[in-house]
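Chain and residue survey
Here is how the chains run, residue by residue.
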Amino acid sequence: DNMAAVEASAEATGQAPSGQQPTPAPLPLSGYSPNSITVNSSEKVAVVPDIAEITYSVRTQAGTAADCQQNAQSVNQVIALLESLGIAESSIQTSGYHMNPVYNYSGSTPRLTGYEADTTLTVSDIPIEGLGNILSQSVANGINTVQSITYMASKYDESYQAALTAAVESARQKAQALAGAAGQQIGAVIKIQETSGYSQARYSDAALTNGYRSASMKAEALMEDMAGIMPGEIQVEASIVVEYQLY
C-alpha cells in the first residue's frame, strides 16, 4: 500500500516513480517550424528539332515465295544508299519482316494468287537538312511504304534541364505568393520531387507521311515538297513538387 501511495504521489507531481528514469522532453530544433507549404510547378522550354527518324518499308509481291526474295535485294540496295549518304550503320535497323500468302476471295473458295514480302527499316539520327534527299532517293531505290516521319532534338537533355531550373524558380515564386497572402514567409526546401516523365521529345509529321503514302510516289514531285521542311518547335516540359518550411 505504501508503494502504491508513492507511485500515485509521483504521478500527481509529474515525477517518475522510484527506480524508473524520467522520459526526457524533446529538444526544440533551432529555427524549426512544423508548418510547411507544398506547391506544384511546370515549365516548358521550346527547342527546334534538328534530327529526324524515318520508318519505311519495301513491299514486294510475286507469284511464288522464291520470287519474293527480290525484296531482300531491294532492301540491301536501300541500306547501301543510306550508308553512301552518310547514315551510320548503327542508325539503320531492320524493325520488321514478314512474308504472307495472298489469296483471291472473290469465289466460293479462296484461291492462292501469290506471296507478299515486307521488310521495314527504321533510320534514325538523320540531319533535318538531309531528310528530303534521303526520302526521295529511298523511294527511287525501292521504298514504297512510309509508316512515319518523326522529328526530334539532339539537345533534349540541355532543354529539359533548363525547364527543370525554370520550374524550381516558378515553384519558389508561387510559394512566396501563397505564404505572403497568409502573413507568413517560406524557409528552406524540405523536399523536392520530379513528377514529369523523362522522354525524348518528338512529334510526327502526319501530313508529310501521308504524302508519301499516296499512290503516286514520284521522287521528283516529293523532292519539291521537301524543299522547304519547317519542322517547327518541340515543347520540352518539366514538372516538380516542392515543399518549403513555413514560418
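Residues numbered from 1 in each chain as written. Predicted model: local features only at pLDDT ≥ 70, side-chain atom pairs only at ≥ 80, totals over all residues. Heavy atoms only, no water.

1. As for helix α2 (residues 70-84)
With 15 residues, α2 extends 21 Å from end C-alpha to end C-alpha; this agrees with the ideal 21 Å at 1.5 Å per step. Residues Asn71, Ser74, Val75, Val78, Leu81 and Leu82 constitute the buried set of α2. Axial view of α2: buried residues confined to an arc of 120°, hence all on one face. Exposed side chains of α2 directed beyond 90 degrees from the buried face belong to Gln73 and Ser84. After α2 finishes, the residue Gly86 shows a positive phi value of roughly 95°. (Helix = DSSP H or I, 4+ residues; strand = E, 2+ residues; numbered from the N terminus. Expected span 1.5 Å × (residues − 1). Buried < 20%, exposed > 50% of the residue type's maximum accessible area, 1.4 Å probe, protein only. Arc of directions from axis to C-beta.)

2. Considering the packing of α2 against helix α3 (residues 128-140)
In a pair of packed helices, the angle between the axes and the distance between the axes together describe the arrangement. Two elements in contact, α2 and α3, have axes whose closest approach is 10 Å; the angle formed by their N-to-C orientations is 155°. Judged on the interaxial angle alone, α3 and α2 are roughly antiparallel. In this structure, the crossing between α2 and α3 has a hand that is right-handed. Mapping the contact onto sequence places Val78, Leu81 and Leu82 in α2 and Ile134, Gln137 and Ser138 in α3. (Axes fitted to C-alpha atoms, helices over the stretch in contact; angles between N-to-C directions. Parallel < 35°, antiparallel > 145°, perpendicular 65-115°, else oblique. Left-handed = near helix turned anticlockwise from the far one by under 90°. Contact = heavy atoms within 4.5 Å.)

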